[in-house]
Amino acid sequence: MKKISELDLPDDIRYAEDHEWARLEGDKIRTGIDDYAQDQLGDIVFVELPQVGDTFKKGEEFATVESVKAVSECYLPVGGEITAVNTALEESPELVNKSPYGDGWFVEVKLNDPSELDALMTNKDYLEKLKGAE
Amino acid sequence: MLYLPHTSEDIASMLQVVGVADLDDLFATVPEDCRFKGDLNLPEQLTEWELNDRMAAFSNTMAVSPEYKVFIGAGSYEHFIPASVSYLLGRSEFVTSYTPYQPEMSQGTLQAIYEYQTLAARLVGMEVATASHYDGATALAESLLMAIRVTRRRRVAVSSLIHPLYRQVVRTYFKPTSYEVVELGYLENGLTDLAATDGMDDLAAVAIQSPNFFGCIENLQAAGEKAHDRQALFVASFTEALSYGLLNPPGSQGADIVCGEGQSLGIPCSFGGPALGVLASRKKHMRSLPGRLVGQTKDLDGKRGFVLTLATREQHIRRQKATSNICTNNSLCALAAAMYMASVGGAGIRELAGLNHDKAEYLKSELKKAGFKIPFGAPTFNEFVVEFPEGFKATYKRLLEKKIVAGLPLASYYPELANHCLLCVTEVMSKEDMDKLVREVKS
Amino acid sequence: MKEPLGATGLMLNEPLLWEKGKKGRCAFSLPRRDVEPRPLDRELTGEGPDFPDLSEVDIVRHYTRLSQWNFGVDTGMYPLGSCTMKYNPKTNEKQASLPGFTGAHPLLPADLCQGALRMMFELEQYLAEITGMDAITLQPAAGAHGELCGMLLIHAYHKSKGSQRSKIIVPDTAHGTNPASAALFGYRPVPVTSNEQGMLSPEAVAELMDEDTAGIMVTNPNTLGLFEENIREIAEIVHSKGGLVYCDGANVNAVMGIVKMGETGVDVMQLNLHKTFSTPHGGGGPGSGPVCVNKHLEPFLPVPRVVEENGKYALSENYPESIGKLQAFHGSFGVMIKAYSYICSMGPENLKKASQLAVLNANYVKEKLKGTLHLPYDRPCMHECVFSDKDQAADNVTTLDMAKRLMDYGFHPPTIYFPLVVHGAIMVEPTETESKENIDQFIEAFKAIAREAGQSADLLHGAPKNCKVKRLDEVTAARKPCLAG
């Protein structure tokens, strides 16, 4: 497993307590799980995603990720309607391990309340939090 | 004692290591008020000879072939089991191993179950079969719950010609839930009345058994269309696995889930258990399947090997969110079924199933000739219903004295069918046995 | 024996069944045809399944080779915690294969199956005596099925009192089947944390127990191998709020003749005949999970029930409050015979002795290995003890590595990574049927492995070396499932 100093935590995205990330793209948010989460889970074998059109509140469970012997729930970092899901994960769940912020994204959300994004952590705050938990 | 290897010296030296004075002191952490102070009131220990005598005495009271001719099927079928199957099934490496959680030490069980999954899926015409369930009834209950999970709906329509005891199990599983079970009636020809599903909303599944409890072969394709009309899953149930040696497999008729009893495949009746719950589905539903699955993979050297897989569906990982609470399954029964299917082979199963059908047809026509009524006109496999005249009870009793069990009286399951019996004929019954039955019921 | 158990020998490769068939072969003797063919309507018939065609020799070699890739209790020590892998007496198998039992149809009229009914009736009585409970059903097919039965009984009981409760308390040390069984019928499992001693505290239960809670599911002895010392007090707390106590009886092998669970406040519990009562596991089943209840739950037991009148036995459906049926027929009858045969062969004194020796063996392993492996709860244990890999962490060696290496030494590994409350858990249950010599050999093997962990960790990372296959790629198996050939 990676040391905290080895984690890739880009500064152009925001982070949630439960290790999801969010990036603003136009009027939408793209989200997935971050480098810390994918590293902790190990080889990801399946991602269960919601359907386009489903709506969730901030912090609601919207997906599950599975490794061989564990299942983890994922919580939507901002509330809104799902406008797209990453169907490539069906065939290639390993994308989450290889490229958590790129090809391994989970869903796209039409944001209800832009202030919810601002309330998420910056990479600096998040790094501090991870160090604190160590 | 044969199974307790400790000598008194062993015990003394082990107690010393543990640091207690005697065996009783090992239980010092059990509070006084939880301790049982007396002696268990059980019969005195039996020697192996005494045990043999007692069990033989029990066994000898049982009405079994060849002494008795039992014309009952109804979910438990007497079929011939090759000696090789019984012999191989006794291999203690299979019998005395646990669930194959450590694959490197369990490749025998794992490959055998993978082969079972494959042959079971081929038999019913589906893509994926689980490593086994308890019996046909629990497999049906689990299938219906699975359909509810997949469709996120709350109602299931179940044919009244599914085995009455299976339906009772379904009702037991469903009683504390908010899900609803609706029963579909039957028609004069002995087939399920599918029209009742028209307009039914919130439907998760339509479940039909074929051959059904009356032995009649259902129109699965029509049932599948009805289910799919309502965007429900089509669940095909069965009690006589051997019938698919001859009949169209449910997978070819549009079934989404196939579930039933595999006892006919090399497993003795054994007073009803252990049996073999077969549960199979389309690959797209595999992640919703309840119970264990074995998958093929490779080891570090690239050699083929097998592991338990998709375990995240199961209780030991997903706990309360698992697709089922099932843990122990009926693995050894699945192994017996695989051995049986491999022994009888593709050509053999067809011939064997044909023989079952032909023998049952022979008895049916002889009974007809003797003046008894066959109330349901639909074609049957190896079971059928006969209507006997008023007062048949006395005849039935008289036949018991002659060591013939003339089928299963249906009145307790279908009150409208007084004096009706469900008769079964498999390959183990000879023409002579059947002629004798006809002679005796006539007289 | 001076040499280590694990050795290498000739093991044969064997393809999949359908890779070796040939049209024209058959391993089945078809009965003589004595009736005319009567073809079915072509619309109803299919092509027949695509099964391979093999000879009897092919079949026998196939399964003999496969069996040699397996490890069973008959091969060697199988100290799998929580699974009670004790020796399976061979006389049990003989009794269960008597033709009167194997050939019996489950729907025979009662007069024609008195022996089977009597055996079941007596087995119920024996199990009631051993557990101190009032009534038994033999119908559940396995432990988890018994739990399911127990949940249905609890549900039916509350319903009969006119109440609908929504929660059930489940300790964090519970088997996964506990929360799964509870959730199947809409109960919400409420977790309760065990205390520093690895046990449930009455205070923790009292805090959660309320009138919307149907009861509690307790495993006793628990999965850390410890007797729940506060069980009576906990039962009183649960009962005072109208709840019921379910006991997961998976670990009863520790307490036969020593504790009667019915006298500790338990209302309902399941037994696992394939653990405590020596019936074989069969590579994952069939099992049998009888459920034992107190008087107030008896009316709800599944039907039919075996009843006796003047020495005649019958099956009765006449229980209007019954939850219904859990299987089509009477349960795993073939397994029941083996348990019955075991109880008769043992007698009351030896059953108690079995529990005593099971506990002795586990405590002996605990004492001998606690300097080698980290022991998170250092107190007297029951039939099993739980270690962890904490002391090997510095060597970058995990529980999994040590477990795999044990195979090379000729032992089946213990249960690993369970219970969840111990990180890197190693749960050892030797059972009473292992002799001191076998256990000493196991202890020496574990010590040797711990030494290897410090000196040549790679040996452990690459283990096992002597099995049919090396470590398998479970990731690809789950990512791209191949479930049928």
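To be clear, the structure that these remarks concern was listed above.
These numbers were taken from a predicted model, which means no experiment stands behind them.

Focus on the overall build of chain C
Moving on, step 1. Assigned secondary structure in chain C consists of 13 helices and twelve strands.
Moving on, step 2. In terms of overall dimensions, chain C is globule-like: its C-alpha atoms have a radius of gyration of 25 Å, near the 23 Å expected for 485 residues.
Moving on, step 3. When each of the 485 residues of chain C is scored for burial, the buried share is 67%.
Moving on, step 4. Across chain C, the fraction of contacts at a sequence separation of at least 24, relative to all contacts at a separation of at least 6, is 72%.
Moving on, step 5. Summed over all atoms, the accessible surface of chain C reaches about 16,100 Å², with 48% contributed by carbon and sulfur.
Moving on, step 6. Across chain C, 47 positive and 58 negative side-chain charges occur, with their mean positions spaced 5 Å apart.

Focus on the interface of chain C and chain A
Reports often express the size of an interface as the amount of accessible area lost when the parts come together.
Moving on, step 1. Contacts between chain C and chain A engage five residues on the former and nine residues on the latter.
Moving on, step 2. Counting each side, the surface lost to burial between chain C and chain A is near 590 Å², with a carbon and sulfur contribution of 50%.
Moving on, step 3. It is Glu474, Val475 and Arg479 of chain C that lose the most area in chain C upon contact with chain A, and together they represent 74% of the buried surface on that side.
Moving on, step 4. Linking chain C with chain A are two salt bridges.
Moving on, step 5. For Glu94 of chain A, the salt bridge identified is with Arg479 of chain C, shortest N-O distance 3.9 Å.

Describing the sheet that holds strand β3 (residues 155-159) of chain B
Residue and element names in this part refer to chain B.
Moving on, step 1. One open sheet holds the seven strands; their spatial order is β2-β8-β7-β6-β5-β3-β4, and the pairing between them is mixed. For this open sheet the edge positions go to β2 (128-129) and β4 (180-184), each flanked by a neighbour on one side alone.
Moving on, step 2. Bridge count for β3 against β4 is five bridges, and the pairing is parallel. Note on β4: the bridge partner recorded for Val156 is Val181.
Moving on, step 3. Helix α7 (residues 164-174) rests against β3, β4, β6 (233-238) and β7 (257-261) of the sheet, and its axis sits at about 160° to β4.
Moving on, step 4. Across the sheet, helix α8 (residues 220-229) is in contact with β5 (203-209) and β6; its angle to β6 comes to roughly 145°.

Regarding the state of the cysteines
Moving on, step 1. Taken as a whole, this structure holds zero disulfides over all chains when the rule is applied.
Moving on, step 2. The thiol of Cys269 of chain B is not disulfide-bonded; the next cysteine sulfur, from Cys424 of chain B, is found 9.2 Å away.

As for the pattern of salt bridges
Moving on, step 1. Tallied over the entire structure, the rule returns 55 salt bridges over all chains.
Moving on, step 2. The partner of Asp50 of chain C in a salt bridge is Arg122 of chain B, with the nearest N and O atoms 3.8 Å apart. Here Arg122 of chain B lies in helix α5 (residues 107-124) and Asp50 of chain C lies in the segment before α1 (56-68), a pairing that spans two chains.
Moving on, step 3. The exposure class assigned to Asp50 of chain C is exposed, which follows from its relative accessible area of 51%.
Moving on, step 4. Between Glu440 of chain B and Lys402 of chain B there is a salt bridge; the shortest N-O distance is 3.6 Å. You can see Glu440 of chain B sitting in helix α12 (residues 431-442) and its partner Lys402 of chain B sitting in the loop between α11 (392-401) and β12 (404-405), a full 38 residues away along the chain.
Moving on, step 5. Among the ionic contacts, a cluster of salt bridges with common partners joins Arg23, Glu25, Arg30 and Glu108 of chain A.

Comments concerning the nonpolar core
Moving on, step 1. One finds Leu144, Phe214, Leu363 and Leu423 of chain B together with Phe277 of chain C to be the most contacted residues of the largest nonpolar core, which totals 221 residues.
Moving on, step 2. When residues of this core are assigned to their parent elements, the largest contribution, 19 residues, is made by helix α9 (residues 333-369) of chain C.
Moving on, step 3. Beyond its immediate chain neighbours, meaning those up to four positions away, Phe277 of chain C contacts Leu127, Ile130, Met256, Leu271, Asn272, Lys338, Ala339, Tyr342 and Ile343 of chain C.

So, the interface of chain B and chain C
Moving on, step 1. On the chain C side, the residues contacting the 181 residues of chain B number 199 residues.
Moving on, step 2. Together, Tyr3, Met105 and Phe271 of chain B form the three largest contributors to the area buried by chain B at its contact with chain C, with a combined 6%.
Moving on, step 3. Along the contact surface separating chain B from chain C lie eight salt bridges.
Moving on, step 4. The shortest N-O distance in the salt bridge between Arg304 of chain B and Glu19 of chain C comes to 2.8 Å.
Moving on, step 5. The dominant element in the side of chain B that touches chain C, judged by the number of residues it contributes, is helix α10 (residues 331-369) of chain B, at 27 residues.
Moving on, step 6. For the side of chain B that touches chain C, the residue count by class is 92 nonpolar, 57 polar and 32 charged.

Points about the packing of aromatic side chains
Moving on, step 1. For the structure on display, the rule yields 31 aromatic pairs over all chains.
Moving on, step 2. Ring centres of Phe411 of chain C and Phe442 of chain C lie 5.4 Å apart, and the angle between their planes is 75°; on these two criteria the pair is classed as edge-to-face. With Phe411 of chain C in the loop between α10 (399-408) and β11 (415-416) and Phe442 of chain C in helix α11 (residues 436-455), this residue pair connects regions lying 31 residues apart in the sequence.
Moving on, step 3. Overall, the relative accessible area of 0% leaves Phe442 of chain C in the buried class.
Moving on, step 4. A connected cluster of aromatic rings, assembled from ring pairs, spans Tyr186, Phe213, Phe214, Phe376, Tyr413 and Tyr414 of chain B.

Considerations on the environment of Pro419 of chain C
Residues and elements named next belong to chain C.
Moving on, step 1. The topology assignment puts Pro419 in the loop between β11 and β12 (425-428).
Moving on, step 2. The buried category is assigned to Pro419, whose relative accessible area is 0%.
Moving on, step 3. Taking the C-alpha atoms as reference, Pro419 lies 7.7 Å from His175; in sequence the two are 244 residues apart.
Moving on, step 4. Among residues more than four places away in sequence, those in contact with Pro419 are Thr173, Thr223, Leu224, Val386, Ala425 and Met427.

Structural notes on the sheet that holds strand β13 (residues 408-409) of chain B
Residue and element names in this part refer to chain B.
Moving on, step 1. The three strands are arranged β11-β14-β13 in an open sheet whose pairing can be described as antiparallel. At either margin of the open sheet sits one strand with a lone partner, and together these are β11 (383-387) and β13.
Moving on, step 2. Packed onto the sheet, α10 meets β11 and β14 (420-424) and runs at close to 10° relative to β11.

What counts as what
- Residues numbered from 1 in each chain as written.
- Chains lettered and ligands numbered in written order.
- Predicted model: local features only at pLDDT ≥ 70, side-chain atom pairs only at ≥ 80, totals over all residues.
- Heavy atoms only, no water.
- Helix = DSSP H or I, 4+ residues; strand = E, 2+ residues; numbered from the N terminus.
- Rg over C-alpha atoms; globule rule 2.2 N^0.38 Å.
- Buried < 20%, exposed > 50% of the residue type's maximum accessible area, 1.4 Å probe, protein only.
- Contact = heavy atoms within 4.5 Å.
- Areas by Shrake-Rupley, 256 points an atom, 1.4 Å probe, with all protein chains shown as cover.
- Lys, Arg positive; Asp, Glu negative; His and termini not counted.
- Charge placed at Lys NZ, Arg CZ, Asp CG, Glu CD.
- Buried area = accessible area lost by both parts, 1.4 Å probe.
- Salt bridge = Lys/Arg side-chain N within 4 Å of Asp/Glu carboxyl O.
- Pairing = 2+ DSSP bridges.
- Axes fitted to C-alpha atoms, helices over the stretch in contact; angles between N-to-C directions.
- Disulfide = S-S within 2.5 Å.
- Core = buried A, V, L, I, M, F, W, Y, C linked by side-chain atoms within 4.5 Å.
- Nonpolar A, V, L, I, M, F, W, Y, C, P; charged D, E, K, R; others polar.
- Phe/Tyr/Trp six-rings, centres within 6.5 Å; stacked < 30°, edge-to-face > 60°.

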